[in-house]
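As a plain string of letters, each chain reads:
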Amino acid sequence: QVRLIESGGGLVQAGGSLRLSCEASGRAFNNLNWGWGWFRQTSDKERESVAAISRNAGFTYYGDFVKGRFTIGRDNAKNTVYLQMTDLSPEDTAVYYCAATSILNTLRESDYTYWGQGTQVTVSS
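All values derive from a computational prediction rather than experimental measurement. (Residues numbered from 1 in each chain as written. Predicted model: local features only at pLDDT ≥ 70, side-chain atom pairs only at ≥ 80, totals over all residues. Heavy atoms only, no water.)

Participant: What is the right way to read the sheet that holds strand β1 (residues 3–7) from this model?
Facilitator: Spatial strand order, β1-β3-β8-β7: four strands in an open sheet with antiparallel pairing. Each end of this open sheet is capped by a strand with a single partner; those strands are β1 and β7 (70–75). In this sheet, adjacent strand axes meet at a mean angle of 15° when their direction is disregarded. Direction of pairing for strand β3 (residues 18–25) relative to strand β8 (residues 80–85): antiparallel, over a ladder of six bridges. Within β8, the position partnered with Arg19 by the bridge is Gln84. (Pairing = 2+ DSSP bridges. Helix = DSSP H or I, 4+ residues; strand = E, 2+ residues; numbered from the N terminus. Axes fitted to C-alpha atoms, helices over the stretch in contact; angles between N-to-C directions.)

And the structure:
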């Protein structure tokens, strides 16, 4: 069974930084076959795509609201994807989810097979 486990969330002041990590475990999971995405959701909004990275990291995507503040990366040797977030604002407060997809270069939630449990990011003003 494949599990995705996020870490790195927490409380930070506006303008601060956080680094989220997501590690995949499970014998059947070969990181090289999977693209990754980060999504986020608040109680009053639908889940939205934050960033995505392809299998070989040749394709990356960021939501318009990121505006150069976030960087997605992956370490295939560790079955891990990262989201480095800088210059955070209260509007970035949400539960952040990582997800894995076998479909190339997709941002569609329904294309993602495995999901983490989510990690809370809270940005105070």
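Next comes the rest of the account.
Participant: Whenever I open this one, the pattern of salt bridges confuses me. Can you help?
Facilitator: Should the charged atoms of two oppositely charged side chains come close, the side chains can pair. Using the criterion set out here, one finds five salt bridges in the structure. The closest approach of N and O atoms between Asp92 and Arg69, which form a salt bridge, is 2.6 Å. Taken together, the positions of Asp92 in the loop between β8 and β9 (94–101) and Arg69 in the loop between β6 (60–62) and β7 put the pair 23 residues apart, joining distant regions of the chain. The two residues Asp92 and Arg69 agree in class, both being buried. The partner of Arg108 in a salt bridge is Asp111, and the shortest N-O contact between them spans 3.2 Å. Since its relative accessible area comes to 55%, Arg108 is described here as exposed. For Asp111, a relative accessible area of 11% puts it in the buried group. Because the salt bridges share partners, they merge into one network encompassing Arg40, Glu48, Arg69 and Asp92. (Salt bridge = Lys/Arg side-chain N within 4 Å of Asp/Glu carboxyl O. Buried < 20%, exposed > 50% of the residue type's maximum accessible area, 1.4 Å probe, protein only.)

Participant: What's the story with the pairing of β8 in this structure? I'm lost.
Facilitator: Of all six residues making up β8, five are buried, and the element is well covered by its neighbours. Of the pairings in the sheet, the one linking β7 to β8 comprises six bridges and is antiparallel in character. By the bridge assignment, Phe70 is partnered in β8 with Met85. What sits between β7 and β8 in their antiparallel hairpin is a turn of four residues, with Asn79 showing a positive phi close to 55°.

Participant: Help me out: how do you make sense of the state of the cysteines in this one?
Facilitator: In protein structure, a disulfide is the covalent linkage between the sulfur atoms of two cysteines. A complete count under the given rule lists one disulfide for this structure. The disulfide that involves Cys22 links it to Cys98, with 1.9 Å between the sulfurs. Between Cys22 and Cys98 the disulfide shows an S-S torsion of about 45°. By sign, it is right-handed. On the criterion of sequence distance, the pair formed by Cys22 in strand β3 and Cys98 in strand β9 is long-range, its members being 76 residues apart. In terms of burial, Cys22 and Cys98 fall into one category: buried. (Disulfide = S-S within 2.5 Å.)

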